[in-house]
Structures are given as C-alpha cells and as structure tokens.
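Here is what each chain is made of, one letter per residue.
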Amino acid sequence: MAGLTEDPILGTNDTIKEKKKQEEFDKNKSLSLDKVEGSGQTEKDMAPVTGSSIHRSGSRPQLDLSKAAIQGTFEERDPTILLPNQSDHLSHLALDIGGSLIKLVYFSRHEDQSVDDKRKKTLKDRLGITNGTRRSYPVLGGRLHFVKFETIKINECLDFIYSKQLHRGGMDARIWNPDAPTNENAVIKATGGGAYKFADLFKERLGVGLDKEDEMNCLVAGANFLLKAIRHEAFTHMEGQKEFVQIDHNDLYPYLLVNVGSGVSMIKVDGDGKFQRVSGTNVGGGTYWGLGRLLTKCKSFDELLELSQRGDNRTIDMLVGDIYGGMDYSKIGLSASTIASSFGKTISENKELGDYRPEDISLSLLRMISYNIGQISYLNALRFGLKRIFFGGFFIRGHAYTMDTISFAVQFWSKGEAQAMFLRHEGFLGALGAFMSYEKHGLDDLMVHHLVERFPMGAPYTGGKIHGPPLGDLNEKISWMEKFVRKGTEITAPVPMDPPGTTGLGGFEVPSSKGGTLRSDASALNIGVLHLVPTLEVFPLLVDPKTYEPNTIDLSDHSELEYWFTVLSGHLPDLVDKAVASEGGTDDAKRRGDAFARAFSAHLSRLMEEPAAYGKLGLANLLELREECLREFQFVDAYRSIKQRENEASLAVLPDLLIELDSLSEETRMLSLIEGVLAANIFDWGSHACVDLYHKGTIIEIYRMSRDKMQRPWRVDDFDVFQKRMFGSGDKKPRPHKRALLFVDNSGADVVLGMLPLARELLRRGTEVVLVANSLPALNDVTAMELPEIVAEAAKHCDILRRAAEAGGLLVDAMVSNLDGSKGKSSSVPLMVVENGCGSPCIDLRQVSSELAAAAKEADLIILEGMGRALHTNFNARFKCDALKLAMVKNQRLAEKLIKGNIYDCVCRYEPAS
Amino acid sequence: MEESEAQISHLALDIGGSLIKLVYFSRNSDNSSSKNSVPVSNGNEGRPVLEGKLHFAKFETAKIHDCIDFIQSKQLCLTGCQHHGSSADEKCIIKATGGGAYKFTDLFKEKLGICLGKEDEMDCLVAGANFLLKSVHDEAFTYMDGQKEFAQIDHDDLYPYLLVNIGSGVSMIKVDGPGKFERVSGTNVGGGTFWGLGRLLTKCKSFDELLELSQQGNNRVIDMLVGDIYGGTDYKKIGLTSTTIASSFGKAISDNKELEDYKPEDISRSLLRMISNNIGQISYLNALRFGLKRIFFAGFFIRGHAYTMDTIAVAVHFWSKGEAKAMFLRHEGFLGALGAFMSYEKHGFDNLMVHQLLQQSPTDPSDGGDKTHGPANSELNDNPSINCSVYLS
C-alpha cells in the first residue's frame with residue numbers, strides 16, 4: 001500500500017515529464033522536418049528519436065521515456081494493450097468483482113503517434129496508399145493494464161482507483177484539470193457478483209455508479225477477443241510440457257469455456273455473443289482455498305498452491321493399489337496409483353489433522369478439485385460434441401500441476417480424444433469483457449497482427465502477485481533491478497531442468513510436472529505487455545499466412561536453447577561495451593548498461609528454466625527480446641558509431657566497385673553482384689566469428705578476401721536457375737521484374753557494397769526497387785531512417801542511383817521538385833525505402849508495416865538477405881512471387897543444422913513464384 | 001442329505017477400502033426339520049428347497065480382526081464352502097470381492113484357514129443389483145424433499161440402467177443385462193472423501209457420527225452461495241437462485257475464522273452437500289451420455305441417509321431439468337457382497353441357488369438406516385435381512 005499512496009506524487013512527476021516530453025517531442029518533430037528539408041544534417045541527427053514516424057516503435061521507446069511510472073510497475077507483467085480509438089470522454093476502467101478476487105482493467109493513454117513527414121507522404125503517393133485502404137482514424141496509443149486485488153481487501157482496490165483517478169477518466173485525462181466538473185452520472189462497467197454487492201460502496205467512496213454487465217457475456221467476450229486477437233493465447237499442458245496451439249480463427253466455434261473462479265461455470269460458445277451456460281460445479285477455486293485454509297492454515301491462495309508443489313498425495317489419498325494390495329485393477333483400466341478415493345486414507349489411520357503434512361493435504365486437495373473439474377468439463381464437451389475445451393479463471397493461474405491434472409483428466413476420460421487448453425490471460429476474461437462492453441473503443445476490430453507482445457524488465461521476476469508498487473522512472477527501474485537481482489539471485493539462477501517423468505509415478509494419476517518449478521513465482525501468469533500497432537499487417541505475398549512459421553530454429557529443443565543461451569550470454573559483455581560507448585560512456589550509461597545486462601540475463605535464465613514462459617519461443621523472439629531489453633534501458637542504438645564508420649568507409653570505395661562491375665558483361669555481372677552480396681554479408685556484428693575477423697583488417701580488405709573465397713558451387717546454389725529467370729535461355733529474353741523488394745541486413749559493406757550494387761543492377765533493368773529495412777535499430781542492421789542518407793551519398797557518384805532515388809523521392813531536392821508538380825517526369829524507375837515495421841535482426845512476416853505491405857502488392861521479386869531474415873527466419877517461407885534468399889552462414893552450428901555445411905558457407909536459394 | 005442341509009450357511013464377503021460387507025445365509029430353525037417342498041410357481045418343483053434368511057453385516061476395514069472374530073464365532077468359515085463330494089481336508093473357499101479380497105488373502109488364510117475366491121468387483125456389484133431389482137419387492141425408491149417413494153420397476157424393462165456405487169470411491173456402471181455391463185466412469189470424490197476430509201475437519205470418531213452431525217448443520221455458514229456473490233439476489237439469467245451453492249467451502253476463504261471457529265455440524269453439512277451434489281452431477285452426465293433413463297445409487301456412502309439422498313436427487317433433478325430421477329436401493333451397501341454370494345451358483349460349487357424370495361423382509365423400510373454402532377458391535381442388526389428359499393438341485 002505504501003506504493004499506492006505515493007501514486008499521486010508519481011503521477012505529478014509523470015505529468016510534468018509528460019509535458020517536458022511533449023516539448024521534446026515537438027522539438028524532435030521539427031528536427032525530423034529540418035532533416036528532411038535541409039538534408040545536410042549529420043548522421044547523428046538521424047538517430048531515431050522518440051516520437052518519430054516509426055510506427056511500430058512508436059509505442060515502445062515512447063513508453064520507456066514518457067510513461068516510466070507505469071511502464072515499470074509490477075502489474076505490467078499482465079498484458080497491456082494499446083487502443084486505437086480511445087476517445088477522451090470514455091471511462092477508463094472496468095471491473096470484475098468476483099467472490100475471491102477483484103480484477104481490474106484500466107486504460108492509460110498515449111499521444112497520437114501518427115507523425116507523417118514529407119518523405120513518407122511522398123512514398124505513400126508513390127505506393128498508391130490512400131487512406132481509403134487504411135484505418136481512417138488517427139492512431140491513438142493506449143494500453144490496458146491488468147491488476148487484481150483480493151475481494152476482502154476491496155478498500156485497497158478503491159484506494160488504488162482513487163489514487164489513479166481511474167474513476168474520473170484516469171490521471172492522464174482529467175486530474176490535471178481539477179476544475180472540470182465531475183460527472184454526476186459517471187459509471188464504470190463492472191461484472192461479477194460484486195458489481196451488485198458493492199455498488200453502494202463505489203457510489204459512496206468514489207461517487208461513481210457501477211454499470212453491471214452480465215458475467216457470462218463478459219467472460220465470453222473476453223475469451224473470444226483473446227482467442228482471435230492474440231497469437232499463442234491458447235496452449236496445452238501435458239506432463240509439464242506447454243505447447244501453444246494455433247487456432248484457426250474461422251474455425252474457433254463452437255467451444256466449451258470453463259471458467260474456474262470460486263465456483264466453476266461451463267459455457268458453450270457458438271459465436272460472438274452467442275453462448276449458453278450449460279453446466280458448472282460448486283467445487284472450484286473457492287473450495288480449494290476454503291478447504292485448504294481450514295486444513296493447512298495457509299495465509300494465501302498462492303501459499304497453498306506453492307505448498308502443493310512439495311506434496312505427496314499418496315499419504316492422504318486412497319489409491320487403487322491401497323485397496324488392491326498394490327495391484328492394478330487392470331480389467332477396468334485402473335492402475336495401482338489411480339486415486340480411488342481422495343482423502344480416503346485419512347479415514348483408517350489413527351492420525352489427526354496435525355499429523356499430516358500441509359504439503360500433502362494441499363496436493364490431494366488440488367488434485368481432487370482439478371481432476372473433478374476436468375472430468376465434468378469433458379462430459380459436457382462430449383454432450384454437445386465440442387472438440388475444444390478452454391480453461392480459464394484464477395484458480396488455474398498458470399500453475400503447472402493444476403493444468404496437468406486437468407489435462408490428464410480430460411485425456412483420461414476422453415481416451416485421448418479431447419484436449420484441455422488453457423489461456424495465458426486466463427484470469428482476466430471477465431474484466432476484459434466488461435471493458436469491451438464500452439462502445440467505440442475499437443477493440444473488436446483488433447486483429448492478431450496488430451498486437452505486439454513485449455516482456456518488460458520485470459517479466460522474469462514478477463507475476464501471480466496481486467500487485468506491486470509502481471516504479472517512478474528509469475532510475476527507480478535500474479535501482480529495482482540492482483536490488484532485486486542482488487536479493488533474488490538464488491531464485492532466478494538457472495535451475496537445471498528435470499526431464500519430464502522423473503517423479504517415478506506414471507500414468508495420469510501423478511502428472512510429472514509437479515516440482516518442476518520450485519520458484520516463488522511458479523504460479524506466474526506468463527503474459528507480457530501487449531502493444532497494439534494498428535499499422536501492422538500480414539505480408540501479402542506469403543503463400544499461406546496461416547501455416548507460416550517465421551522461425552527456422554525451434555528453441556523448444558532444449559539443447560538448441562542451451563546453445564543460443566551460451567552464444568547470447570557470451571556476446572553480452574561486448575554488447576554492453578558497445579551500448580555504453582554509444583551513449584558516450586558516461587557513468588549513467590554504465591549503470592544502465594549493467595542494469596540491461598542483468599535484466600537480459602534474467603530473461604535468459606527464466607527462459608532456460610521455462611522455455612515457454614513468454615509464449616512460443618523461437619530464435620527470432622530471443623534476438624528481439626535482447627533489442628527490446630536494450631531499448632528498455634534507453635539504449636536507442638548501441639551500434640550507432642560503428643554503423644556510421646562502416647558506412648563511410650564503404651561508401652568511399654563504392655565508386656571503384658561500380659566501375660569494376662560496369663566493365664563486366666551483363667551476365668557475368670549478375671554473378672559478381674550475387675557474389676558481392678554474399679561476400680559483404682560477412683560484416684555482421686551479430687556473429688562472434690566475424691567480430692574477431694574485424695580486428696584483423698580493414699573493411700575493404702576483408703570484403704575482398706571474402707569475395708576471393710567465393711567458390712561455386714555454394715553450399716546451396718540455385719544461381720543458375722535465377723540467372724535463367726533473369727536472362728532467359730537462347731534468344732528469348734524474359735520480361736524483367738516489375739518491382740523487387742530487397743530486405744537488407746547490416747550497415748556498412750553489407751548494404752553499401754553488396755545490396756546497393758544489386759539494387760542498381762535491377763534498376764538498370766527497369767525493375768523498381770524497394771529497399772526494406774528495419775524500423776528500429778537492431779545490432780548493426782541498417783535502418784529505414786538511415787538508408788536515404790546512404791543512398792543519397794551513393795547517388796553522388798552514380799547516375800542510375802541518383803535518378804532512381806529522385807524518382808523514389810529519396811533525394812530531398814528532387815522531392816521538392818516532384819511536389820512542385822513535375823511528377824512522372826523522371827526518366828527512371830524509382831528506388832524507394834520502406835521500413836519493415838520491426839526492430840529485430842529477424843523478421844516475422846505476419847507483422848510488417850503497412851508501407852511494406854502496400855509496396856509488396858505490386859512486387860514480383862523478393863530478395864531476403866542475411867542470416868536473420870533469410871536463415872533464422874523465413875528460410876522455409878513460401879512466397880507468391882519469385883524469391884531469392886541470400887546469406888553467408890556465420891555460425892558453425894547453424895551451418896551444420898540447416899545446410900549440412902560449415903561456417904562461411906553460402907546460401908543462394910531461389911524459389912520461383914508458387 | 002439331511003446332514004448337509006443343516007449345515008448350509010454360505011458366506012460371501014466384499015472387502016472395500018473402508019468397509020467389509022458380509023452376506024450369509026441361515027436356515028430357518030423352525031424349518032430345519034420340516035419338509036423342503038414349498039410349492040413355487042416357477043417350475044422348480046421337485047427340487048429340494050431350504051428356507052432361511054440372508055443376513056447382512058458390515059465391519060470397518062481398519063477393524064478387520066473384528067470381522068474375522070465374527071466369522072469365527074459364527075463358524076461361517078467352516079460351512080461356507082461345503083459342497084458335495086469334497087473331503088473335509090480340502091481348502092475352504094469363501095467368495096470375496098473388493099480390493100481387500102486381494103489384499104487380505106493371506107490374513108484370511110492364516111487366521112481362518114480359508115481361501116478367498118476372488119470375484120470381480122464390478123461383476124458382483126451388477127449381479128447383486130440385478131438380483132435385488134428383480135427379486136426383491138420394493139427394493140428401489142426415489143427420494144425427494146424428504147419423501148421416500150417406492151418405484152415399481154417392470155422387470156422386463158429394467159435394462160439398460162446406470163448403477164452408481166458409492167464406496168470409498170465411486171464407480172459408474174452401465175448395465176445392459178445380466179452379466180452385461182461396462183464401467184463407464186467414476187469419481188475419486190466419494191464416501192472415503194467425505195469421511196476422510198470430515199475426520200480431519202471435525203474430529204468425528206466415525207462415519208455415522210459425521211453423518212449425524214450433518215443433520216444439524218447449516219452449510220450457508222461455509223459455502224459461498226450465489227446470493228453471497230450477488231448481494232442476496234439471484235442470477236436468474238442462468239437459472240441460479242440465491243441459495244445455489246456457487247462454491248463449496250467458498251466462505252471459509254474470506255472470514256478471519258480458523259477451523260475451530262466453525263461448527264463441526266456446518267462443516268459436515270457442507271462436505272456432504274459438496275460430495276453428494278458432485279456425484280449426482282457426474283452420474284447424470286453419464287446417464288445422459290448413454291441415454292440411460294434410470295440411475296440407481298448404491299454403496300455405503302448413502303446408507304439410507306435422508307439428506308444425502310435428497311442432495312443427490314436434487315442434483316440429478318437440477319442438472320437433468322427434471323427429466324431424470326435418482327433411485328436408491330434398500331440394500332445399497334451390499335451389492336458387491338450379494339453378487340459374490342450369487343457367484344457360488346455360477347461356479348457350481350454347491351448347486352445352490354438363491355432362487356426366489358418367498359417373503360419380503362418384515363423390517364419396516366422406514367427405519368432401514370443402518371447406523372454403525374460401537375466398534376465392538378459391528379453387526380448390522382437393523383439391515384433388512386431377506387427371507388428366502390434356496391433350492392438344491
């Protein structure tokens with residue numbers, strides 16, 4: 001509570017910061033414009049600034065900078081959702097007041113992120129993007145926070161709401177205008193029985209009415225939203241193994257929703273708003289906690305749950321073996337360890353309550369109730385022919401053993417035909433549904449590709465807690481990190497994983513995950529921060545977006561995870577050095593660097609322990625997590641200076657390279673260009689092997705050396721097929737591609753000496769070229785912000801590039817003339833730059849920027865370059881157009897695994913349109 | 001012939017996790033010298049018949065030695081297995097079912113010198129139930145709002161039915177005919193759970209004491225009712241009245257009370273309702289699944305306890321929206337033992353048949369509750385014995 005009473009003060013700071021930030025923001029905005037108009041800015045000014053036009057990032061660095069008071073709070077472990085169209089006058093709070101817990105969903109706002117600069121506008125004109133095909137409303141950022149309180153401590157909840165002024169529209173909206181008349185008729189949407197019971201209390205204490213929403217309506221609305229809008233929301237949990245389930249949104253209904261709160265409701269859901277409560281049971285979470293409290297004297301539900309992890313129910317339950325003298329009753333399929341009668345052993349012995357271990361009691365109780373719920377649920381699913389059963393509610397709260405028991409029950413009784421599924425946001429269905437019942441917030445329109453899930457600093461530690469004190473700013477965040485890590489090392493140190501099935505008791509009777517996680521937060525809700533980015537879209541050229549899986553390497557293979565854990569840990573000190581240097585090496589930067597290292601290590605440890613902690617984990621997610629973690633500690637671009645240096649050095653030798661290339665025949669030149677791309681791809685700060693190389697020579701030396709070593713055939717070598725597509729065979733010349741999307745990788749030689757010359761060649765052939773680059777920095781990858789400058793510099797020495805860049809609006813002078821009305825006058829096909837919508841070394845093509853999606857519509861060639869985008873992800877992706885995947889493998893393990901080759905082997909994979 | 005007739009006193013056992021059930025036959029002493037030709041209408045004229053009683057007794061499994069003493073004192077072990085042509089030295093075989101038939105084999109051998117002839121538990125339950133439902137008049141009854149009503153069961157329209165045997169655990173068996181059945185479900189929340197949890201929570205010394213307590217209890221003190229959540233109002237939309245239990249023991253959460261602050265009566269009542277309701281619900285769902293219109297509840301958990309039966313009946317009524325009815329059996333606890341007894345015939349040990357009941361038990365059904373008495377006196381005097389005749393072929 002101490003933290004809560006401080007809230008208004010934090011809020012004050014928050015808003016002052018907010019104002020400052022707004023000023024800063026305006027300044028930045030004008031800086032951005034300056035840059036565009038003046039074009040003579042140094043590269044330093046090009047570093048992405050907060051509030052810039054990077055849409056996807058818009059929500060992220062901004063959060064860190066402006067909303068630290070909220071960003072750092074513990075409750076951020078729970079999902080946070082940005083809202084597209086939240087208008088001011090809406091109430092910002094919805095409640096689900098249940099018998100044991102109050103669940104609260106509240107909204108915090110962001111500024112409008114849609115800052116369009118002129119370059120972007122020109123690009124949009126080029127790409128033919130009209131507002132008609134886009135969302136017409138401005139992108140208002142906002143997030144939903146999820147907090148819970150015990151119902152018996154409702155006063156804490158009221159204090160919390162009051163301190164944040166949530167009942168008056170939230171601090172960010174109204175509190176700073178205290179003269180505004182309080183709306184006498186203010187209402188808050190609420191569901192759950194307590195919405196009736198406590199209506200008077202809310203009126204009296206907060207002066208607001210509770211607008212009661214039907215509980216079942218809310219549960220269903222919440223579940224439908226989650227299942228449709230959030231990828232990896234549902235998962236199965238068997239024998240300690242979590243597996244995420246991809247649900248076809250068109251094939252979601254009907255399903256059985258089992259909400260395990262104090263009691264249990266079973267709801268058959270047939271569609272949006274179409275459902276029926278078909279059953280339920282009075283043996284639920286309240287029974288577990290109520291009986292558990294009487295029997296064990298535990299002080300909290302979580303304590304009771306935790307006890308169960310160390311329990312042995314065989315001392316309490318009567319097993320089939322106890323009755324049959326250790327034998328199975330195999331005729332009817334009961335093994336000796338099947339529970340014949342829960343608590344049946346406490347009958348016959350001369351022991352009293354005090355003689356039993358509370359751990360054992362808790363476990364027996366948990367099994368009795370979970371198993372019973374699983375059984376009744378299955379019987380109801382069977383009755384209505386429902387193939388899917390989703391379990392939600394606070395009883396489950398991500399507790400492995402509970403989920404295992406329910407799963408076993410469902411599997412056992414259905415003879416393997418039905419599977420229990422769980423929801424990551426299980427406890428908040430009702431509250432979320434109540435929130436959805438406000439009109440006009442735009443949540444219903446959300447699609448899965450609009451949501452980006454982030455796991456902030458606290459993620460490895462917190463979860464399952466009712467709530468914690470909010471952290472004020474970055475400084476508090478760092479202190480917390482320092483303090484917590486010191487205090488919590490024994491908790492968070494990687495714990496060797498027990499292989500499943502080592503508890504020695506097989507069968508459904510004793511699920512093996514018990515004791516797998518002896519952690520204080522074993523009951524953590526494994527959910528992160530959900531950011532809504534309405535500008536993200538599914539890449540339209542994927543052949544089958546439904547089956548598309550970005551990750552080539554599945555980290556659910558534990559040895560694989562271990563390997564990457566080692567690689568990333570090993571790389572960490574160097575990265576911290578770079579990051580600290582990028583911020584001028586100040587004491588503050590060092591402190592932030594340390595905190596970053598700790599936070600990221602904690603993430604890694606957590607994931608080693610529980611690979612599915614943050615949802616389905618692929619290498620791309622792991623790499624992106626690192627970048628996010630850097631950003632969280634305000635390292636906007638750790639490789640900034642390295643990138644600059646390498647760009648300059650490469651640009652200096654580019655003219656000579658172009659002359660050399662131009663001396664070749666067209667067909668020889670194509671091979672040289674591809675060789676060049678592959679050779680230049682050696683410059684990769686993400687690869688340890690390559691970083692070692694850099695200390696041994698200049699960029700151009702390494703580039704030449706790398707090129708000289710190019711020996712065809714490459715390990716994967718489809719060049720001849722590609723060549724044939726480009727030049728045809730015999731006299732028949734194939735039509736050149738209309739538009740090529742070049743997904744570029746690293747800064748420096750990679751983009752300047754590899755990809756730019758290739759782009760130039762395509763332009764020369766009459767193919768439009770779109771350079772696709774990161775929205776946010778990741779390692780030394782070139783960003784969409786940096787590219788125009790690089791192209792402009794290159795264009796100084798090359799007519800082809802200059803004319804194409806002019807046509808593409810990349811050169812400011814030309815753009816001005818274009819805007820003056822000389823459109824179409826350009827003699828060249830355009831060279832354009834679009835951001836890809838992400839800030840990771842890899843790319844998930846299910847979530848790309850709308851610019852990229854628009855650019856892709858007319859593209860008939862895709863070139864993916866570099867390990868991150870062509871190998872780690874998308875190696876197996878199939879496209880509707882021709883696709884060329886180019887990369888040098890700079891990792892021995894990956895080389896062996898993927899192409900059965902060696903480090904520095906090359907991949908040139910060409911796949912014609914499918 | 002006269003000799004062997006005098007000694008017939010067959011015994012069968014059902015040794016469960018909590019209780020041992022015994023069934024044995026005794027000849028009517030006044031009939032022992034009379035002629036054995038009672039006329040019956042089923043075509044068995046001419047075959048020798050014995051008139052006597054089937055007796056029912058039970059012991060706690062934990063006190064198995066009491067049971068052994070009892071068998072010894074009645075000399076049941078000496079006569080139970082007698083059959084024609086066997087020599088006196090041959091091992092005695094007593095039919096037994098339940099898990100304890102395996103577990104205590106050695107004990108019976110050692111103490112009484114008898115072998116337990118193991119009969120499958122489900123076989124026995126079903127055989128016992130079929131026998132009772134077909135042969136005993138007024139065996140089955142419904143129970144609603146304290147009203148017991150005997151059900152007339154058409155013997156030709158008995159199958160299929162769901163037999164729910166509530167012992168320590170619960171077995172649910174779909175019965176399609178004599179010897180034709182399948183265990184379709186069950187639950188581990190049964191009589192053992194009631195007694196085990198109840199013992200931990202109330203310090204009661206016996207199952208019956210615990211049951212008795214529940215009669216005076218008020219579960220509203222402990223259970224979270226719909227009204228508690230909705231501030232006294234119903235949640236009508238989904239058909240829940242304010243007195244519906246939303247969460248058993250759900251109120252034990254929010255109070256600052258410890259175990260000692262609750263009345264054992266209330267705890268017992270909540271526990272009984274929780275378990276009865278749960279069994280009723282799962283049974284109904286299984287009956288529904290297989291389209292069974294009749295559900296018979298049996299087993300020692302019920303033991304004629306009005307409130308238990310009422311709760312189960314209400315659960316079945318509630319979940320089936322009045323379409324299904326729970327039925328109970330007067331000899332609910334002895335299905336397994338009875339079935340084991342019947343199995344003598346099947347195995348042809350004795351050419352003995354419990355063929356037909358000539359007379360209904362004189363015991364008034366209304367006092368059929370089988371209270372357990374002090375530990376020393378485990379025999380159930382008030383369990384209705386069945387007068388019957390036994391044919392010898």
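Residues numbered from 1 in each chain as written. Chains lettered and ligands numbered in written order. Predicted model: local features only at pLDDT ≥ 70, side-chain atom pairs only at ≥ 80, totals over all residues. Heavy atoms only, no water.

As for the overall build of chain B
Part 1: If you tally the helices and strands in chain B, you get 13 helices and 16 strands.
Part 2: Here chain B holds 393 residues, and 60% of them are scored as buried.
Part 3: A separation threshold of at least 6 residues defines the contact pool for chain B, and within that pool the share at least 24 residues apart is 71%. (Helix = DSSP H or I, 4+ residues; strand = E, 2+ residues; numbered from the N terminus. Buried < 20%, exposed > 50% of the residue type's maximum accessible area, 1.4 Å probe, protein only. Contact = heavy atoms within 4.5 Å.)

Some remarks on helix α7 (residues 154-163) of chain A
Part 1: All of the buried residues along α7 of chain A are I154, C157, L158, F160, I161 and S163 of chain A.
Part 2: Positive phi shows up at Q165 of chain A, right after α7 of chain A, with a value of about 55°.

Here we look at unusual backbone geometry
Part 1: The omega torsion of the bond from R712 of chain A to P713 of chain A falls at -5°, within 30 degrees of zero and hence cis.
Part 2: With respect to the helices and strands, P713 of chain A occurs in the loop between α26 (699-708) and β18 (716-717).
Part 3: Here the residue pair Y159 of chain B and P160 of chain B is connected by a cis peptide bond, since its omega of -10° sits within 30 degrees of zero.
Part 4: Position of P160 of chain B relative to the elements: it lies in the loop between β7 (147-150) and β8 (161-166).
Part 5: Positive phi is not limited to glycine here, since K321 of chain B has a value of about 50°.
Part 6: Tracing the sequence through the fold places K321 of chain B in the loop between α12 (306-319) and β14 (325-329).

Some points on the pattern of salt bridges
Residue and element names in this part refer to chain A.
Part 1: Here the structure, examined in full by the defined rule, presents 48 salt bridges over all chains.
Part 2: Put simply, E213 and K189 hold a salt bridge, and the shortest N to O gap is 3.1 Å. On the criterion of sequence distance, the pair formed by E213 in the loop between β5 (209-212) and α11 (215-229) and K189 in strand β4 (residues 187-191) is long-range, its members being 24 residues apart. When sorted by exposure, E213 lands in the same class as K189, which is buried.
Part 3: For R893, the salt bridge goes to E560, with nearest N and O atoms at 3.2 Å. (Salt bridge = Lys/Arg side-chain N within 4 Å of Asp/Glu carboxyl O.)

Focus: the confidence of the model for chain B
Residue and element names in this part refer to chain B.
Part 1: Here chain B shows a mean pLDDT of 76. Residues at 70 or above account for 72%.
Part 2: Mean pLDDT values over the elements of chain B span from 39, in helix α1 (residues 2-7), up to 93, in helix α11 (residues 264-289).
Part 3: Scored below 50 in pLDDT, residues 1-8 makes 15 contacts in the model with residues more than four places away or belonging to other chains.
Part 4: Of the regions scoring below 50 in pLDDT, residues 80-89 engages in 15 contacts with residues more than four places distant in sequence or in other chains. (pLDDT = per-residue confidence, 0-100.)

Some remarks on the environment of S270 of chain B
Part 1: Topologically, S270 of chain B is positioned in helix α11.
Part 2: Once you skip the residues sitting within four places of it in the chain, S270 of chain B turns out to touch N219, I222, D223 and F249 of chain B.

With respect to the interface of chain B and chain A
Part 1: Each side of the interface is counted separately: chain B has 68 residues, and chain A has 69 residues.
Part 2: For the pair chain B and chain A, the summed buried surface comes to about 5,500 Å²; carbon and sulfur atoms form 58% of the total.
Part 3: By the criterion of area lost to chain A, the three top residues of chain B are N188, L200 and I253 of chain B, representing 13% of everything that side buries.
Part 4: Our enumeration of links across chain B and chain A arrives at three salt bridges.
Part 5: When the shortest N-O distance is used, the salt bridge between E352 of chain A and R199 of chain B registers 3.7 Å.
Part 6: At the surface where chain B touches chain A, the tally comes to 19 residue pairs in polar contact (both at pLDDT 80 or more).
Part 7: Of all elements in the fold, only α4 (100-103), α6 (121-135), β10 (180-187), α7 (191-202), α9 (226-229), β12 (245-247), α10 (251-254) and α11 of chain B reach the threshold of two or more residues within the side of chain B that touches chain A.
Part 8: At ten residues, the largest contribution of residues to the side of chain B that touches chain A is made by α11 of chain B. (Buried area = accessible area lost by both parts, 1.4 Å probe. Polar contact = N/O pair within 3.5 Å; in protein donor to acceptor, adjacent residues only side chain to side chain.)

Some points on the sheet that holds strand β13 (residues 388-392) of chain A
Neighbouring strands of a sheet are bound in pairs by backbone hydrogen bonds; such pairs are parallel or else antiparallel.
Residue and element names in this part refer to chain A.
Part 1: The strand order across the open sheet built from seven strands is β7-β6-β14-β13-β8-β9-β10, with neighbouring strands paired in mixed fashion. Every other strand in the sheet has two partners, leaving β7 (241-244) and β10 (274-281) as the edge strands with one partner each. Taken over all neighbouring pairs, the strand axes of this sheet differ in orientation by 30° on average, direction set aside.
Part 2: Bridge count for β13 against strand β14 (residues 419-423) is four bridges, and the pairing is parallel. Among the inter-strand pairings, F390 is bridged to a residue of β14, identified as M421.
Part 3: Across the sheet, helix α16 (residues 358-384) lies against β8 (255-260), β9 (264-271), β10 and β13, angled at about 140° from β10, the strand it touches most. (Pairing = 2+ DSSP bridges. Axes fitted to C-alpha atoms, helices over the stretch in contact; angles between N-to-C directions.)

Some remarks on the sheet that holds strand β20 (residues 768-773) of chain A
Residue and element names in this part refer to chain A.
Part 1: The strand order across the open sheet formed by seven strands is β18-β25-β24-β23-β19-β20-β21, and the pairing between neighbours is mixed. In this open sheet, the two strands that pair with only one neighbour each are β18 and β21 (831-835).
Part 2: Bridge count between β20 and β21: five bridges; the pairing is parallel. Looking at β21, one finds that A773 is bridged to E835.

Concerning helix α27 (residues 719-727) of chain A
Residue and element names in this part refer to chain A.
Part 1: Of all the residues in α27, the buried ones are F719, F722, Q723, M726 and F727. When α27 is viewed along its axis, its buried side chains cluster within an angular range of 115° and face the same direction. In α27, the exposed positions that point more than 90 degrees away from the buried face belong to D720 and K724.
Part 2: Looking one or two residues beyond α27, the residue adopting positive phi is G728, at roughly 70°. (Arc of directions from axis to C-beta.)

Here we look at the nonpolar core
Part 1: One finds F391 of chain A together with F297 of chain B to be the most contacted residues of the largest nonpolar core, which totals 101 residues.
Part 2: Residue contributions to this core peak at twelve residues, all from α16 of chain A.
Part 3: Not counting residues within four places of it along the chain, the set of residues in contact with F297 of chain B comprises V164, I166, I279, G280, S283, I302, I312, V316, A326, M327, F328 and L329 of chain B.
Part 4: Residues L654, L657, L756 and L861 of chain A belong to the second largest nonpolar core, which totals 63 residues. (Core = buried A, V, L, I, M, F, W, Y, C linked by side-chain atoms within 4.5 Å.)

So, the packing of helix α24 (residues 666-680) of chain A against α27 of chain A
Residues and elements named next belong to chain A.
Part 1: Two numbers describe how α24 lies on α27: the axes approach to 11 Å, and their chain directions differ by 135°. Taken together, the axes of α24 and α27 lie oblique to each other. When you trace α24 past α27, the crossing you get is right-handed. Residues E666, E667, M670, L671 and I674 of α24 lie in contact with α27, whose contacting residues are F719, F722, Q723, M726 and F727. (Parallel < 35°, antiparallel > 145°, perpendicular 65-115°, else oblique. Left-handed = near helix turned anticlockwise from the far one by under 90°.)

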